[in-house]
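# Close look at the chain arrangement
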Number of protein chains: 2
Amino acid sequence: METHAYELESECFDVERIAELGGEAVVRGGRHLFDRLPEALSGVSRVGVIGWGSQGAAQARNLRDSLSGGGIQVSVGLRKGSASTDAARRFGFSEADGSLAEMFDVIRRCELVVLLISDAAQAQLHTRIFDALRPGTTLALSHGFLGAYLDGIGGAFPEDVDVIAVCPKGMGPSVRRLYEQGSGINCSVAIEQNVTGRAGERALAWAVALGAPWCFGTTLESEARSDIFGERGILIGGLHGMVEALYRWHLVGGDSPEAAFIAASECITGPISEMISRAGPLGLYEALEPKQRHRFELAYALAYGPLRAILAEIYDEVALGNEIRSVIAAHGRLDAHPLSNVEGSAMWQVAARVRAERADEAPAAIDATSAGIYCAGMLAQVDELIEHGHPCSEVVNESIIEAVDSLNPYMHAKGVAHMVDGCSMTARLGARRWAPRFDYALSQQVLPWLCENVTPDRSLVERFLAHPIHQSFSACAALRPPGSIRVDV
Amino acid sequence: METHAYELESECFDVERIAELGGEAVVRGGRHLFDRLPEALSGVSRVGVIGWGSQGAAQARNLRDSLSGGGIQVSVGLRKGSASTDAARRFGFSEADGSLAEMFDVIRRCELVVLLISDAAQAQLHTRIFDALRPGTTLALSHGFLGAYLDGIGGAFPEDVDVIAVCPKGMGPSVRRLYEQGSGINCSVAIEQNVTGRAGERALAWAVALGAPWCFGTTLESEARSDIFGERGILIGGLHGMVEALYRWHLVGGDSPEAAFIAASECITGPISEMISRAGPLGLYEALEPKQRHRFELAYALAYGPLRAILAEIYDEVALGNEIRSVIAAHGRLDAHPLSNVEGSAMWQVAARVRAERADEAPAAIDATSAGIYCAGMLAQVDELIEHGHPCSEVVNESIIEAVDSLNPYMHAKGVAHMVDGCSMTARLGARRWAPRFDYALSQQVLPWLCENVTPDRSLVERFLAHPIHQSFSACAALRPPGSIRVDV
């Protein structure tokens, strides 16, 4: 148990505890709390959102809307000559009233600086950014990369500023769309440094202003680890390796490419994800016929150990800092060795045909073997995060909800390979590194033994059936906003 | 250009320079020099060989035989109750005359301590070993692991001892067998610390006493990097990934499992290796018919870039210390997640059948595609090592000669998977980590495009044909001992 939740506390917002999440403290948000924001943001007269990527565009607009009339100006800071300048102008940020300016000017004059430029830009510019922060500024991040990066190079945040994080549990476009729909998107909140004594209230105010219906507590390190680990694991890398191995296995077994793709990939990103989203991993299992349950159990019991071993290795690599050091080194190789795309391979050409011919009314049937293997990977990731002391809400969000509500629907629409090729460079490099390891683990240790006369290890199945994560999933699922967090594609 | 050769120099032995190796200094050994050993080892009256693994058993016997009559005692040091005690006794080391004793007793009383226990034991025991070394002792290693390990944990060698390395270019059994046959095995020599002022002469004396016909200069860091890199690359991990990808490609193309295995693996570990051993990579190419040359060129040109990208990543990971940190962390996971074997998979069961039915008189024909891909990996490794400033002899030895003279013949006899499962834990973990990456690189970026209407990038082929490594290979090959360095199996 190495990492711990930041225990949410507040004088401006109400803290509740949720028994099914191990008594975790949470804060409920909502529009009725917007009038408390100026008090919670006491000392902040200017909020600067740096960057206009998908998070930047969404957060700047949400913050401006939520804070309007409260006397706090929200400005967008961009690189000089940024290609996003026109887009920011179109949404009403303007040089004339000071709400659009050069990024370092914005950083210098704001009391709350929300840093939403890319990982690569954070790594490249962090020294200049730190120099521009006035003492007592609150530096605000939306994921843990920069903290992990500083660890990797032996650096540190400036000692005289607050460092907080608010991490929305979905991609930028969902952050805006659900805000407009009135439901908002859940966030986790971390306090890394608190020199003003106001860091906790400012972080919660930022989350509430983004529209979060619920806020969970974590730490910057816990968030960074679970984020970098999760995308290498079941969220992207693990899923990619699984569907490649399953597709090949079905092909060699005599299936047509289309049938193989449907059993291997289509049914995971489609009906299996939908069922887990509605009813959790246990609900997926319970919806299976008895004969299918047997196939699920066999696949689950065979796959859990090999997949857990890879996930344990990934966790160690992340905790050691190896993954971040690798990402930094990889950026230095991109000119000499540009990354190829995964999407051009034969399997993903079949995928495009299958998507084009998809019939909305008749989704693919659930393949019980694919379901068992996918759930084994998901539960192995859950167990690995629990073993390392991550807060219960983080375990559920980074292993289950983000997969089935956000990433899998996106991949179902566009393809797993499209996601691998198009995600952030940190995620992309990690997914490419680890997918083949999941593939080999399944191809060598699992798929060859999936014949009928193998008896599954019942203890693993019993552990699955009785796993406390099912109750935690239900609790977290009940806190989900009513709208879908998936990105429209 | 980060790493450099140790420039060999000596007053006891003759230093020569070899133009074809970029003017590298080398020292010629031989039995006629054994009478110079006492002078070169001035100040050493007791040599302790710690450990009785394959290197320990071979080196202890060679050193004793070479130093006999010179007044220098060679002792073997083992853990109390070591299972190797009887074996050491059988070969004439005995408690009675002090030539067999508890390892720390031996370490404390010897002036030259040759540390040949396993990597894991070195990591576990290094503090106690360092404490037992008297000031002015010469600590002698046979590969660079311990130096890389100390870097990884932020440790260091004791400041008051010499640290040298002599690394035989072959496994322990070959070190003994070739000594007995009179030819001996080449060694690289490194001086890491020289507090006595005698480290250089002692290292060369040790190498000559082992029977080395030629000694090359390197540094401990250069040796460690090339060693850890090479086994993850073409020597084990790269080869494993290549033959897995090629086998599957032939299977999907309609070949029988046996035919697929012969084209993918058998022909690389067999005739391709033999041809390279005799005539170098260029000689292999020149022996092909025109139509086969075209297939070789296409495969080479397509594979070089993707394989080089993986090798560049491996080199960075090794240089960053990530690989060693991973190995250390992996040892901590072995109880919870024991390593599975690769050898049980379907491909390697086919391999066993193919080996059993092998006809000595008719070796497998050379598959030009496999040859092109294998040479692309080999040359990519050569170029990566050259780019990082490794001495020319080290580049040739770690990329070509160790492969075709030592490891491939062993794998041809026992199977690539047998090698992966049976090599040192450092090599095994690395091979398992990287083989799937080579596999995916070939499966995604190379094999699908090997149809006849693709035109190879001639510039890569021209670079291969004109590569200076061919001349360096010939120079190093001419220095090889006449006997085979392969292990009899």
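Values in this document were obtained by computation on a predicted structure and should not be read as measured data. Counting restarts for each chain: residues are numbered from 1 in the order of the written sequence. Here the convention is simple: chains get letters from A, ligands get numbers from 1, in the order in which they are written. Per-residue local features are limited, in this predicted model, to residues with pLDDT of at least 70; the limit for side-chain atom pairs, both in listing and counting, is 80 or more; totals at the level of whole chains, interfaces and linings are taken over all residues. Only hydrogens and water are set aside when side-chain values are computed; all heavy atoms of the structure are taken into account.

### Here we look at the nonpolar core
For this analysis, a nonpolar core means a set of buried residues of the types Ala, Val, Leu, Ile, Met, Phe, Trp, Tyr and Cys, connected via side-chain atoms within 4.5 Å. Only protein chains enter the area calculation, which uses a 1.4 Å probe; residues under 20% of their type maximum are buried, those over 50% are exposed, and those in between are partly exposed. Membership of the largest hydrophobic core comes to 124 residues, with the highest contact counts inside it found for F296, I373 and Y374 of chain B. Helix and strand assignments come from DSSP, with helices taken as H or I runs of at least 4 residues and strands as E runs of at least 2, each series counted from the N terminus. Counting residues per element, this core draws most heavily on helix 12 (residues 290-320) of chain B, which supplies 13 residues. Setting aside residues no more than four positions away along its own chain, I373 of chain B makes contact with M242, L246, A299, A303, L307, L442, V446 and L447 of chain B. If you look at the next biggest cluster of nonpolar residues, it comprises 122 residues, including Y247, A264, L282 and L298 of chain A. Two residues qualify as a contact provided that any one of their heavy atoms is within 4.5 Å of a heavy atom in the partner residue.

### Considerations on the side chain of R325 of chain A
Mapped onto the secondary structure, R325 of chain A falls in helix 13 (residues 322-333). In protein, a polar contact requires one atom able to donate a hydrogen and another able to accept it; more generally it is a pair of N or O atoms within 3.5 Å, and residues adjacent in sequence count only if both atoms are side-chain atoms. Among the polar contacts listed, one links the side chain of R325 of chain A to the side chain of N322 of chain A, at a separation of 2.9 Å. Those residues within four positions of R325 of chain A in sequence are excluded, and the remaining contacts are G152 and L320 of chain A together with L320, N322 and R325 of chain B.

### Points about the sheet that holds strand 10 (residues 214-218) of chain A
All names here are of chain A. In space, the 10 strands of this open sheet follow the order 1-2-10-9-8-7-6-3-4-5, with mixed pairing throughout. Strands at the two margins of the open sheet, each flanked by one partner only, are strand 1 (15-18) and strand 5 (100-102). Across this sheet, the average inter-strand angle for adjacent strands is 30°, counted without regard to direction. Direction of pairing for strand 2 (residues 24-28) relative to strand 10: antiparallel, over a ladder of three bridges. Of the residues in strand 10, the one forming a bridge with R28 is W214. The pairing criterion for strands is at least two bridges between them, as found by DSSP. Here, axes are lines fitted to C-alpha atoms. For helices the fit covers the stretch in contact, and angles between N-to-C directions go from 0 to 180 degrees.

### Observations concerning the packing of aromatic side chains
Residue and element names in this part refer to chain A. Only Phe, Tyr and Trp rings are paired, with Trp represented by its six-membered ring, and only when their centres lie within 6.5 Å; those with planes under 30 degrees apart are stacked, over 60 edge-to-face, the remainder tilted. Throughout the structure, instances matching the rule amount to 25 aromatic pairs over all chains. Ring centres of F296 and Y300 lie 6.1 Å apart, and the angle between their planes is 10°; on these two criteria the pair is classed as stacked. A residue pair is termed a helical-turn pair when its members lie 3 or 4 positions apart in one helix, as F296 and Y300 do in helix 12 (residues 290-320) at four residues. We note that F296, like Y300, is buried. These aromatic residues form a ring-pair network of at least three members: Y285, F296, Y300, Y304 and F464. The residue whose ring lies beneath R31 is Y179, and the NZ or CZ to ring-centre distance is 4.7 Å. Charge over a ring is defined by NZ of Lys or CZ of Arg lying within 6 Å of the ring centre and within 35 degrees of the ring normal. Above the plane of the ring of F93 lies R64, whose end atom (NZ or CZ) is 4.0 Å from the centre.

### Notes on the relation of the copies chain B and chain A
Laying chain B over chain A is done by rotating through 180° and shifting 0.0 Å along the axis; what remains is an RMSD of 0.0 Å. Taken together, these values place the two copies in the relation of a two-fold axis. A symmetric contact is evident, with 100% of the interface residues of chain B recurring at the interface of chain A. Least squares is the method for superposing the copies, and the C-alpha atoms it fits come from residues with pLDDT of at least 70 in both.

### Re the side chain of S142 of chain B
Residue and element names in this part refer to chain B. Considering the arrangement of structural elements, one finds S142 in the loop between strand 7 (138-141) and helix 6 (145-153). Assessed through its relative accessible area of 12%, S142 is described here as buried. For S142, the side chain forms a polar contact with the side chain of Q59, separated by 2.9 Å. A polar contact is formed between the side chain of S142 and the backbone oxygen of V166, at a distance of 2.9 Å. Those residues within four positions of S142 in sequence are excluded, and the remaining contacts are Q59, L116, V166, C167, P168 and W206.

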